[in-house]
2 protein chains.
Amino acid sequence: MGVGIGIIGFGTVGSGVVKLLLKNGTILKERVGKELVLKKVADIDLERDRGIKLPSELLTRNAEHVIEDPEVDIVVELIGGIQPARDYILKALERHKPVVTANKALLAQYGKELFKFAAERGLSIGFEASVGGGIPIVKAIKEALVGNDIKAIFGILNGTSNYILTRMSEEGMSFNEALREAQRMGIAEADPSLDVDGWDAAHKITILASLAFGRWVDFRKVYVEGIRDLTPSDIQFAKEFGYAIKLLAIAKKDPDGIQIRVHPTMVPERHLLAQTRGYFNAIYVVGDAVGPLLFYGQGAGSLPTASAVLSDLADLAKGNCYLPSFKDEDGSVKEMGELKTVYYLRFSAVDRPGVLSKISGILGENDISIASVIQKGRTRKGAVPIVMITHEAVERNIKRALREIDKLDVIKKPTKLIRAEVFDL
Amino acid sequence: MGVGIGIIGFGTVGSGVVKLLLKNGTILKERVGKELVLKKVADIDLERDRGIKLPSELLTRNAEHVIEDPEVDIVVELIGGIQPARDYILKALERHKPVVTANKALLAQYGKELFKFAAERGLSIGFEASVGGGIPIVKAIKEALVGNDIKAIFGILNGTSNYILTRMSEEGMSFNEALREAQRMGIAEADPSLDVDGWDAAHKITILASLAFGRWVDFRKVYVEGIRDLTPSDIQFAKEFGYAIKLLAIAKKDPDGIQIRVHPTMVPERHLLAQTRGYFNAIYVVGDAVGPLLFYGQGAGSLPTASAVLSDLADLAKGNCYLPSFKDEDGSVKEMGELKTVYYLRFSAVDRPGVLSKISGILGENDISIASVIQKGRTRKGAVPIVMITHEAVERNIKRALREIDKLDVIKKPTKLIRAEVFDL
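From a predicted model like this one, the values you see are computed outputs, not experimental measurements. The written sequence of each chain sets the order in which its residues are numbered from 1. Note on labels: chains are lettered from A, ligands numbered from 1, in written order. Only residues with pLDDT of at least 70 are given local features in this predicted model, and only at 80 or more are side-chain atom pairs given and counted; all residues enter the totals for whole chains, interfaces and linings.

1. Side note on the overall build of chain A
Scanning chain A from terminus to terminus reveals 13 helices and 17 strands. Whereas a compact globule of 425 residues would reach a radius of gyration of roughly 22 Å, chain A reaches 24 Å, a difference of no more than 12%. Residues with at least 20 neighbouring C-beta atoms inside 10 Å of their own are called buried, those with 12 or fewer are called exposed, and the rest are partly exposed, where every C-beta is derived from the backbone. The buried share of chain A, reckoned over its 425 residues, is 53%. A run of H or I in DSSP becomes a helix once it reaches four residues, and a run of E becomes a strand once it reaches two; helices and strands are each numbered from the N terminus. Here the radius of gyration uses the C-alpha set of atoms, whereas the globule reference equals 2.2 Å times the residue count to the power 0.38.

2. A closer look at the relation of the copies chain A and chain B
Here the copies are superposed with least squares, the fitted atoms being C-alpha atoms of residues at a pLDDT of at least 70 in both. When chain A is fitted to chain B, the residual RMSD is 0.0 Å, and the transformation amounts to a turn of 180° plus an axial shift of 0.0 Å. On this basis, the relationship between the two copies can be described by a two-fold rotation axis. By the convention adopted here, residues are in contact when the distance between their C-beta atoms, placed from the backbone, does not exceed 7 Å. Looking at chain A, 100% of its interface residues are interface residues in chain B too, so the copies touch through the same face.

3. With respect to the domain arrangement of chain A
Residue and element names in this part refer to chain A. Domain start and stop points were drawn from an automatic or database domain assignment. Here chain A is described as being made up of domain 1 (2-130), domain 2 (137-298) and domain 3 (339-420). Here domain 2 and domain 3 have C-alpha centroids that lie 25 Å from each other. Taken together, the contact pairs 13 residues of domain 2 with 12 residues of domain 3. When residues of the side of domain 2 that touches domain 3 are traced back to their parent elements, those giving at least two are α10 (232-240), β9 (243-254) and β10 (257-268). Classification convention: Asp, Glu, Lys, Arg as charged; Ala, Val, Leu, Ile, Met, Phe, Trp, Tyr, Cys, Pro as nonpolar; all other residues, Gly among them, as polar. Each residue belonging to the side of domain 2 that touches domain 3 can be placed in one class, and the counts come to 7 nonpolar, 4 polar and 2 charged.

4. Looking at the interface of chain A and chain B
How big an interface is tends to be stated in terms of accessible area lost as the parts join. Facing the 45 residues of chain A at the interface are 45 residues of chain B. Elements with a contribution of two residues or more to the side of chain A that touches chain B: α1 (12-32), α5 (137-144), β12 (291-298) and α11 (302-318) of chain A. Here the side of chain A that touches chain B takes 9 residues from α11(A), the largest share from any one element. Among the residues forming the side of chain A that touches chain B, the class breakdown is 24 nonpolar, 14 polar and 7 charged. Any two strands between which DSSP finds at least two bridges are classified as paired. Inspection of the sheet shows β12(A) paired to strand β12 (residues 291-298) of chain B by 3 bridges, in the antiparallel sense. By the bridge assignment for β12(B), Phe295(A) is matched with Phe295(B).

5. Examining the pairing of strand β17 (residues 411-420) of chain B
Residue and element names in this part refer to chain B. Pairing between strand β10 (residues 257-268) and β17: 2 bridges, direction parallel. Counterpart to Thr265 in the pairing with β17 is Arg419. Two elements, strand β13 (residues 340-350) and β17, share 7 bridges in a ladder whose sense is antiparallel. Looking at the pairing, Tyr343 lines up with Arg419 of β17.

6. Observations regarding the environment of Arg228(A)
Residues and elements named next belong to chain A. With respect to the helices, strands and loops of the structure, Arg228 is situated in the loop between β8 (223-224) and α10. Placed 144 residues apart in sequence, Arg228 and Pro84 show a C-alpha to C-alpha distance of 31 Å. For Arg228, the residues in contact, after removing those within four places along its chain, are Phe175, Val196 and Asp197.

7. A closer look at helix α7 (residues 175-184) of chain B
Residues and elements named next belong to chain B. Restricting attention to buried positions, one finds in α7 the residues Ala178, Leu179 and Ala182. Buried residues of α7 fall within an arc of 100° about the axis and therefore sit on the same side. Exposed side of α7, more than 90 degrees from the buried face: Asn176 and Arg184 are the residues found there. Looking at the buried side of α7, the elements it contacts are α6 (159-171) and α8 (193-196). Gly186, located one to two residues past α7, shows a positive phi value of around 80°. Throughout, the arc means the angular range of directions from the helix axis out to the C-beta atoms.

8. Structural notes on the pairing of β10(B)
Within a regular strand, side chains alternate between the sheet's two faces. All names here are of chain B. The element β10 is largely enclosed, with a buried count of 9 among its 12 residues. As judged from the 2 bridges shared by strand β8 (residues 223-224) and β10, these two strands associate in the parallel manner. Counterpart to Tyr223 in the pairing with β10 is Arg261. Both strand β9 (residues 243-254) and β10 contribute to a ladder of 12 bridges, which runs antiparallel. Along β10, the bridge assignment pairs Asp254 with Gly257. Where β9 folds back on β10, the antiparallel hairpin that results is connected by 2 residues.

9. So, the environment of Asp288(B)
Residue and element names in this part refer to chain B. Within the secondary structure, Asp288 is located in the loop between β11 (280-287) and β12. In this structure the C-alpha to C-alpha distance between Asp288 and Asn148, which are 140 residues apart in sequence, comes to 5.7 Å. Not counting residues up to four positions away in its chain, the partners in contact with Asp288 are Asn148, Asp149 and Lys151.

10. Quick notes on the sheet that holds strand β3 (residues 59-60) of chain B
Residues and elements named next belong to chain B. Reading across from one edge, β3-β2-β1-β4-β5-β6 is the order of the 6 strands in this open sheet, with parallel pairing throughout. Only two strands of the sheet have a single partner each, and these edge strands are β3 and β6 (125-126). The pairing of strand β1 (residues 2-8) with strand β4 (residues 74-77) spans 4 bridges and is parallel. Within the sheet, the bridge partner assigned to Ile5 lies in β4 and is Ile74.

11. Things to note about the sheet that holds strand β5 (residues 99-101) of chain A
In sheet architecture, strand pairing relies on hydrogen bonds along the backbone and comes in two forms, parallel and antiparallel. With parallel pairing, the 6 strands of this open sheet are ordered in space as β3-β2-β1-β4-β5-β6 (chain A). Pairing within the sheet leaves two strands with one partner each, and these edge strands are β3 (59-60) and β6 (125-126) of chain A.

12. Quick notes on unusual backbone geometry
A cis amide bond, omega 5°, links Gln83(A) with the succeeding residue Pro84(A). Inspection of the secondary structure assignment puts Pro84(A) in the loop between β4 (74-77) and α3 (85-94). In this structure, His96(B) takes a positive phi of about 65° despite not being glycine.

13. Description of the confidence of the model for chain A
Averaged over chain A, the pLDDT score is 96; the fraction of residues at 70 or greater is 98%. Reported confidence for the predicted complex is 0.97 by ipTM and 0.97 by pTM. A score between 0 and 100, pLDDT records how confident the predictor is in each residue.

14. Some details on the packing of helix α4 (residues 104-120) of chain B against helix α9 (residues 199-213) of chain B
The packing of two helices is summarised by the inter-axis angle and the distance between the axes. All names here are of chain B. Structural elements are reduced to axes, namely lines fitted to C-alpha atoms, with helices fitted over the stretch in contact, and the angle between N-to-C directions of any two is expressed from 0 to 180 degrees. Closest axis-to-axis distance for the α4/α9 pair is 8 Å, and the angle between their directions is 50°. Classed by the angle they form, the pair α4 and α9 counts as oblique. Helix-helix and strand crossings are classified by hand; for α4 and α9 the assignment is left-handed. Here Lys104, Ala105, Leu107, Ala108 and Gly111 of α4 come into contact with α9, specifically with Asp200, His203, Lys204, Thr206, Ile207 and Ser210. Orientation categories follow fixed angle ranges, with anything under 35 degrees roughly parallel, anything over 145 roughly antiparallel, 65 to 115 roughly perpendicular, and all other angles oblique. Less than a right angle of anticlockwise turn of the near helix away from the far helix marks a crossing as left-handed, whereas a clockwise turn marks it as right-handed.

15. What about the environment of Glu269(A)?
With respect to the helices and strands, the residue Glu269(A) is situated in the loop between β10 and β11 (280-287). Dropping the residues within four chain positions of it, Glu269(A) is found in contact with Gly242(A), Tyr243(A), Ala244(A) and Ala274(A).

16. Overview of the packing of α5(A) against helix α9 (residues 199-213) of chain A
Residues and elements named next belong to chain A. One way to put it is that α5 packs onto α9 with a least axis distance of 9 Å and a crossing angle of 15°. Our classification of the angle between α5 and α9 gives roughly parallel. The crossing of α5 and α9 is left-handed. Here α5 contributes Ile137, Val138, Ile141 and Lys142 to the contact with α9, which in turn contributes Leu208, Leu211 and Ala212. Partitioned by chemical class, the residues of the contact of α5 with α9 number 6 nonpolar, no polar and 1 charged.

Put into structure tokens, the structure is as follows:
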């Protein structure tokens, strides 16, 4: 007995899925008890060499041919972006075909609508490939942690940014140098904004948080800050304090609401997230019963992502892939001003007596106490960096204090702020 | 609609399951769409205070009452050991009730028979809790990696041993000191043999290897070596070579058969397995499509293990928990003599000119080449340690060379051998 598979999007992931179905089809059939049979593949470009030959009757330039093909039982959407991906998924569901997608941007913004549409028809949407590439984090949260009240998720969810940060940290490269290296190696795109400005990670943490907390989180409420402004010297100072800097996507369930944010974050050097190097992803999840779990692997790439698509296809073929349940009401997201955490502050100050006392005076007035300070020698420009780690403080107070401090005439540049996670959960 | 749960064994894990059902029952019901209702709990000892009050009509001293209760739909076996656990599981399956078990010793030795018995009746056995405590490694291999040809598994599968090795490594403790500490903290049992001699890890890797490779691996063919003979100085020398020593359980699929073994293993310091500290477990799995994945978390304990039991219960309640398929023929396990890896060798030699040349001569005759050597000053006993890392060599040749070397009159004690993994997969 076969299950007909139709794929829309014959790009990096699409061709990975086709290759993997060809390579491991036999094992898969034994394990699933049914054969997954490729019936149709749509792409605008059918000329490009993808290293696989498919019979021409399987190929089409028209996505509707995949959706309408009566032999296609499951539609796999791998074109990415909002439109026409959204329409294709809706059409497939209308035709009573379950869907598998790797489309994080779409799910982060239209997941609520799509999942509702599918649920009303008794259908499922598989989305393992939308977060963490080959890491089975969706299955873990949806199924393995089903008995847990999930408290927090901390993810290195963008391999490109992590690669850049690793090169900056290990070789002292600037952001621009490391970005160019990443582009040269095909790890970053020509327009890297989605990756390095944090949007891709924001899409993914929106999906994970919604799944973990059982309520959709409004993507527009995610605080997003990328890694462009990080300097090798910040990374160096962080090291001196015992931290690595990672682009973390964080979701926490506090008693009074959800924290959800993406920003460069100082992580204690010994933590496994700090040890996650290169283009790898890692997700640290804390459940009330299970405690902390870490999942690590390749968060992107043709075959790793195809592995996740096949996991969904196998579950659908077995009738095991179910939609998670969501409350009607969205999750209530807290304002960033309410955040309480530890902060790294780098002041660019004139090297003059009394400066440190002025700064720490203003911090003190704003209820911010200092855990440690590094003050280094003069820079060529005559300003010295004064670097501090605070004790836990409230973001609103930090912002107020920095506005005041940055107005001082002894301060030469806007103060740099990096949030830290101390993982005392 | 409710699903009736019966539990045999109201110990650490059993009481964790009961607590978790009480605490997160509501979330679980929303997620699963059905209520998991505790119907019966059996234990020999019903007097002990477990911190939970259960109505007395739910409690029984007789396991058969759980199995026979018509309101019990799923039987959870948590007593451990071979008998009577095996009989209880068979009886539950005979009564057409699916089973959830955390019993690694039983599955490693009788899994083939039990799975066959269940499959013949169209029933399933959930065993997520049998390996890695709360880490969803069974689900990951069984479901998430279904599209992968799994090449290798490297696991820190015994938290007690890892705790002992961590204390030895970080504080220079001897094995016995660290064991006593572990016993004092309740991490090691009075009789620690199952943990520190590698048997527990061997049970678990047998289960994972069978699952990953789709053929049962005969537990009696697993090579097992524990950590009792490790000394702080070996750990120190390993560090100097850039390695940590971990009790690794290893399963690899070579073209000519399966490697399956548990022994102290040198792991490159930077590897996440080397960074896994204390009583935590970690499993590094390599699939042909997904590449390497790491799963990390608490491998034991009441609530983490209960989290895994609830995952199986939820899957069974939804009808999603299926038995993996196995080939009739068992996996063919390779002899240890055929192993090719990198070795650490510590010779206890008399401090006399020509000793190193004698040793390296014998190694050379046996096709073993040396990658690096450390020779330290004299010990009080007049013998000096000569420590080497070899290039990749064949275990049979190593053993032959060591037999010859250990006969030399300049060698004062049997040579210590520790295998290394270089992770160039």
